[in-house]
Amino acid sequence: MYDIIFVTGELYFDHPLCGTAVLKRLLEKKGYKVGVIESPKTEVDIKKLGAPRLFFGISAGSIDSMVRNYTPLKKKRELDKNLNYDEFVPDRATIVYSNWIRKNFKDSTIVLGGTEASLRRFTHYDYWENRLRRPILFDSRAHILVYGSAEKQVIEIADKLKNHKSIDRIDGTCITHKEVPEDLVAVELPSFKEVSDSKEKFCDMQNKLSNHRNLIQKIDNRYLIQYRAPGYTPEDLDEYYSLDFSRKLPKKMSGFEFSILTHRGCIGGCNFCAVKLMQGDRIVSRSEESILTEIKKITKMKHFKGNIDDLGGASANMYGIDCNNCGGNCIDCDKLDRSNKRLIALLRKSRKIPGVKKIIVRSGVRYDIASPEYIKEMAQHHILDTLRIAPEHVNKDVLRLMNKNKGDLRGFIKEFKKTGRKLSFYYMTAHPGSSMKEARELAEAISKLKNAETVQVFTPTPMTVSTCMYYTGMDPKTKKKVYVPYSYREKKEQKRLLNKDESGLKEINRKGYQKRTVKFVKPKK
Ligand code: SF4
């Protein structure tokens, strides 16, 4: 009998980049017996390992099942013929798996985790149904939800269940309650009813969302309680990434076997992204020694040919800029260390390890925190074909609404040109604030650039600031009206504009699938 059974929408592989593998290895190190059910297709699959002694851990995977299954224009994705494996994930996988378990294992405890659950933990706008949905704990009727990084919480839940203790009050989790515990210090969000009745209230809720606080939200006659996220430390990450992974990838997957994660978190604060509500808006960097040890271990692996596939995180050049001096907005802070000196030192030492031919950096780079020395280092040693950066747009108002109006792009391009290497660019169209006028401006700029790599159509994913703008038609910070391209016709036109000059621009979303088209409706007044 297993103590814990993980049910994951994605394929499972014993590798540090597989979240379920990190949890499994860590729990096994603590003496627990862990089973995994990967990509279950039917209810029958969910029964194959029997009932766990402590709990089922459910995750739809690293991306929301609706983002996985539908294009930004809401067209069902066909399975990518290039990927010779079928990773079938049902729509709203977290709820489906939870219902399958409740039906077959009535007494089992269900723990939710992963991106889908984490970013649907409060009342949220669901783009695919074009309506507000209650927190996912209510729709899944699971017992507890672990949001963001999960290692500490999962260990604590296992230990408490093993000792027949309550799993309430665990930092980094959400739970439902009839009443708010009297001694709980928490910030109250507008209730489900309030945000359903008022878009201003929805904006107020958005402005209060944070991992750093206990939050409560009234949903009908119960309360959703979020306990603030536990502080993860460099020592924690060193422990997790030094676990003895086989790094074996399923034959069907390749290309990142020797990829290494150097840090968690992102200080970028882009409004269309929710990393800050997942990994957090503070950088936690592994120790240099722990990363170098991992590389040395890899060089001893039978099938290592000398290339490290990637060395990075959400943004490659945020390694080593850890700062927790205050609760401010790091990307705008003049105290932020933008020298990249710890990262440059790490890259130089990594290259010197015997057996290493090349350290490739594939993760995107933030050009507004890239020092000239770092740029030179990257261009000389760590770029495979091009250096990828994500300016996303060129119009200053759209960039402000994206919270991407940082740094000096022209200055960066000028500096980078000196290296003689190529840049490639990520762009986004149809984001709130982007009308046909702004889309033409972007198309104009891209046509001059000639090496824009990808453009994606904005997708309103749960819990991001940009999704709040999409749903409310307002900038939540100022409550000022924002233009939002709702109609299918306009989104399609904005996209077509960017392709018109055949600049070799591929329209893909960052998952790598090719373009599609369908029908649209504006959220009700
Ligand atoms: S001092 Fe600046 S860089 Fe440090 S935590 Fe505060 S805002 Fe971030």
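Quick notes on the rules
Position labels on residues start from 1 in each chain and follow its written sequence. Given that the model is predicted, a residue must reach a pLDDT of at least 70 before its local features are reported, and side-chain atom pairs must reach 80 or more before they are shown or counted; all residues, however, enter totals for whole chains, interfaces and linings. The basis for every side-chain value is the complete set of heavy atoms in the structure, and neither hydrogens nor water enter the calculation. Comment: elements are numbered from the N terminus, with helices defined as DSSP H or I runs of at least four residues and strands as E runs of at least two. The globule rule used here is 2.2 Å times the number of residues to the 0.38 power, and the radius of gyration it is set against is calculated over C-alpha atoms. Here the term buried applies to any residue with accessible area under 20% of the maximum for its type, exposed to any over 50%, and partly exposed to those in between, with areas from a 1.4 Å probe on protein chains only. Throughout, a contact is declared for two residues whenever any of their heavy atoms are within 4.5 Å. Only the protein chains shown count as cover for residues, with accessible areas throughout obtained via the Shrake-Rupley method and a probe of 1.4 Å. All tallies of charge rest on Lys and Arg as positive and Asp and Glu as negative; His and the ends of each chain are not included. The atoms used to mark charge sites are NZ of Lys, CZ of Arg, CG of Asp and CD of Glu. What makes a nonpolar core is a set of buried Ala, Val, Leu, Ile, Met, Phe, Trp, Tyr and Cys residues whose side-chain atoms join them at distances within 4.5 Å. In this document the domain limits rely on a domain assignment from an automatic tool or a database. Arc definition: it is the arc formed by the directions from the helix axis to the C-beta atoms. N or O atoms within 3.5 Å of each other form a polar contact, as long as, within protein, one can give a hydrogen and the other can take it, and as long as residues adjacent in sequence are counted only when both atoms are side-chain atoms. Aromatic pairs are defined between Phe, Tyr and Trp rings, using the six-membered ring for Trp, whenever the two ring centres lie within 6.5 Å; interplanar angles under 30 degrees are classed as stacked, those over 60 as edge-to-face, and all others as tilted. Over a ring means this: the NZ of a Lys or the CZ of an Arg is within 6 Å of the ring centre and within 35 degrees of the ring normal. Counted as salt bridges are all cases of a side-chain nitrogen of Lys or Arg within 4 Å of a carboxyl oxygen of Asp or Glu. Lines are fitted to the C-alpha atoms to define the axes, a helix being fitted only along its stretch in contact, and any angle between axes, read from their N-to-C directions, falls within 0 to 180 degrees. For classification purposes, angles smaller than 35 degrees are called roughly parallel, those larger than 145 roughly antiparallel, those between 65 and 115 roughly perpendicular, and all remaining angles oblique. Crossing handedness is defined as follows: a turn of the near helix away from the far one that is anticlockwise and smaller than a right angle gives a left-handed crossing, while the clockwise case is right-handed. Amino acids are sorted into nonpolar (Ala, Val, Leu, Ile, Met, Phe, Trp, Tyr, Cys and Pro), charged (Asp, Glu, Lys and Arg) and polar (every other residue, Gly among them). Near is defined per residue: the residue qualifies when any heavy atom it owns lies within 4 Å of the molecule or strand. What makes two strands pair is DSSP finding at least two bridges between them. Every patch collects residues that have over 30% relative accessible area and no salt bridge, joining them within 9 Å if they carry like charges and within 5 Å if they are nonpolar side chains (Val, Leu, Ile, Met, Phe, Trp, Tyr).

Student: Whenever I open this one, the overall build of the protein confuses me. Can you help?
Tutor: A count of helices and strands for the protein gives 18 helices and 23 strands. Computed over C-alpha atoms, the radius of gyration of the protein comes to 23 Å, within 12% of the 24 Å expected from 2.2 N^0.38 for 525 residues, which places it in the range of a compact globule. Principal-axis analysis of the C-alpha atoms gives the protein an extent of 65 × 60 × 50 Å. Taken over 525 residues, the protein has a buried fraction of 59%. Contacts in the protein between residues at least 24 apart in sequence constitute 76% of all its contacts with a sequence separation of at least 6. Element-wise, carbon and sulfur atoms account for 52% of the exposed surface of the protein, whose accessible area totals about 22,900 Å². Positive and negative side-chain charges of the protein, numbering 99 and 66 respectively, have mean locations separated by a distance of 3 Å.

Student: Sorry if this is basic, but what is going on with the nonpolar core here?
Tutor: Within the largest apolar cluster, 64 residues are counted, with the highest numbers of intra-cluster contacts made by I101, L112, L145 and F202. Lining this core are residues from two domains, each supplying at least three of them: domain 1 (4-226) and domain 2 (385-525). One finds I298, F304, A379 and A439 within the second-largest nonpolar core, a separate group that totals 44 residues.

Student: Looking at this model, I keep getting lost on helix α9 (residues 199-208). Mind explaining?
Tutor: Because an α-helix completes one turn every 3.6 residues, residues spaced three or four positions apart along the sequence face the same direction. Every buried residue of α9 is listed here: K199, F202, C203, M205 and Q206. Taken down its axis, α9 places every buried residue within 160 degrees of arc, on the same side. In this structure, the buried side of α9 is in contact with β5 (124-126), β6 (131-133), α8 (192-197), β10 (215-219), α17 (465-472) and β21 (474-475). The opening residue of α9 is S198, an N-cap whose side-chain oxygen sits 3.2 Å from the backbone nitrogen of E200.

Student: What exactly am I supposed to notice about the packing of aromatic side chains here?
Tutor: Pairs of aromatic rings are described using the distance from one ring centre to the other and the angle between the two planes. Enumeration over the complete set of coordinates arrives at 15 aromatic pairs. Judged by centre distance (5.2 Å) and plane angle (45 degrees), the ring pair of F56 and F105 falls under tilted. With F56 in strand β3 (residues 55-59) and F105 in the loop between α4 (93-104) and β4 (109-113), the pair connects residues that are 49 residues apart, well separated along the chain. The exposure classification of F56 matches that of F105, with both residues buried. Taking the centre distance of 5.9 Å and the plane angle of 40 degrees together, the rings of Y97 and W100 count as tilted. Of this pair, Y97 and W100 both sit in helix α4, 3 residues apart, which is roughly one turn of the helix. Comparing Y97 with W100 shows no difference in burial state: the two are buried. Site record: aromatic cluster; members linked through ring pairs are Y125, Y127, W128, F202, F458, Y470, Y471 and Y486. Between the NZ or CZ atom of R121 and the centre of the ring of Y147, over which it lies, the distance is 4.0 Å. A cation sits over an aromatic face here: R342 above Y319, 5.1 Å from the ring centre.

Student: Sorry, what's going on with the pattern of salt bridges here?
Tutor: Pairing between side chains becomes possible if they bear opposite charge and their charged atoms approach one another. All chains considered together, the criterion is met by 41 salt bridges. A salt bridge links K152 to D236, with the nearest nitrogen and oxygen atoms 3.1 Å apart. Highlighted residues: K152 in helix α7 (residues 151-162) and D236 in helix α10 (residues 234-241), separated in sequence by 84 residues. Judged by its relative accessible area of 28%, K152 is partly exposed.

Student: Explanation requested: the packing of helix α11 (residues 288-299) against helix α12 (residues 341-351) in the structure shown.
Tutor: How two helices pack is summed up by the angle between their axes together with the distance between the axes. In the contact formed by α11 and α12, the axes pass within 10 Å of each other and the chain directions differ by 25 degrees. In terms of axis orientation, α11 runs roughly parallel to α12. As for the relative orientation of α11 and α12, their crossing is right-handed in sense. For the pair α11 and α12, contact is made by E288, I291, L292 and I295 and by R342, A345, L346, K349 and S350, respectively. Residue composition of the contact of α11 with α12, grouped by class: 5 nonpolar, 1 polar and 3 charged.

Student: It is not clear to me how the packing of α12 against helix α13 (residues 372-381) should be interpreted in this structure. Could you clarify?
Tutor: Running from N to C, α12 and α13 cross one another at 25 degrees; their axes reach a closest spacing of 10 Å. As the angle between them shows, α12 and α13 are arranged roughly parallel. Considering the relative orientation of α12 and α13, their crossing is left-handed. Mapping the contact onto sequence places L343, I344, L347, R348 and R351 in α12 and E373, Y374, E377 and H381 in α13. Partitioning the contact of α12 with α13 into residue classes produces 4 nonpolar, 1 polar and 4 charged.

Student: Is there a simple way to explain the site of the ligand in this structure?
Tutor: The environment of the ligand is made up of R282, C323, N325, C326, G328, N329, C330, C333 and L336. Counted by class, the shell around the ligand contains 5 nonpolar, 3 polar and 1 charged residues.

Student: Just checking my understanding: could you explain the pairing of strand β19 (residues 422-429) for this structure?
Tutor: A regular strand carries its side chains on alternate faces of the sheet. β19 sits mainly inside the fold: 7 of its 8 residues count as buried. As defined by bridge partners, strand β18 (residues 386-392) adjoins β19 across 5 bridges and the pair is classed as parallel. Bridge assignment links T386 to a residue of β19, and that residue is K422.

Student: How should I be thinking about a positive patch on the surface in this particular structure?
Tutor: On the surface, K248, K302, K305 and K357 cluster together to form a positively charged patch. Owing to a relative accessible area of 79%, K302 belongs among the exposed residues under this scheme.

Student: What's the story with the side chain of D64 in this structure? I'm lost.
Tutor: As for its placement among the helices and strands, D64 is situated in the loop between β3 and α3 (65-69). When its relative accessible area of 6% is taken as the criterion, D64 is described as buried. A polar contact is formed between the side chain of D64 and the backbone nitrogen of M66, at a distance of 2.9 Å. Within the local environment of D64, its side chain forms a polar contact with the side chain of R120, the two groups lying 2.8 Å apart. In this structure, D64 is in contact with T115, E116, R120 and P462, ignoring residues within four places of it in sequence.

Student: Would you take a moment to explain the environment of K152 for this structure?
Tutor: Distance from K152 to E43, taken between C-alpha atoms, is 30 Å for residues 109 residues apart in sequence. In contact with K152, other than residues within four places in its own chain, are P230, G231, Y232, D236 and Y240.

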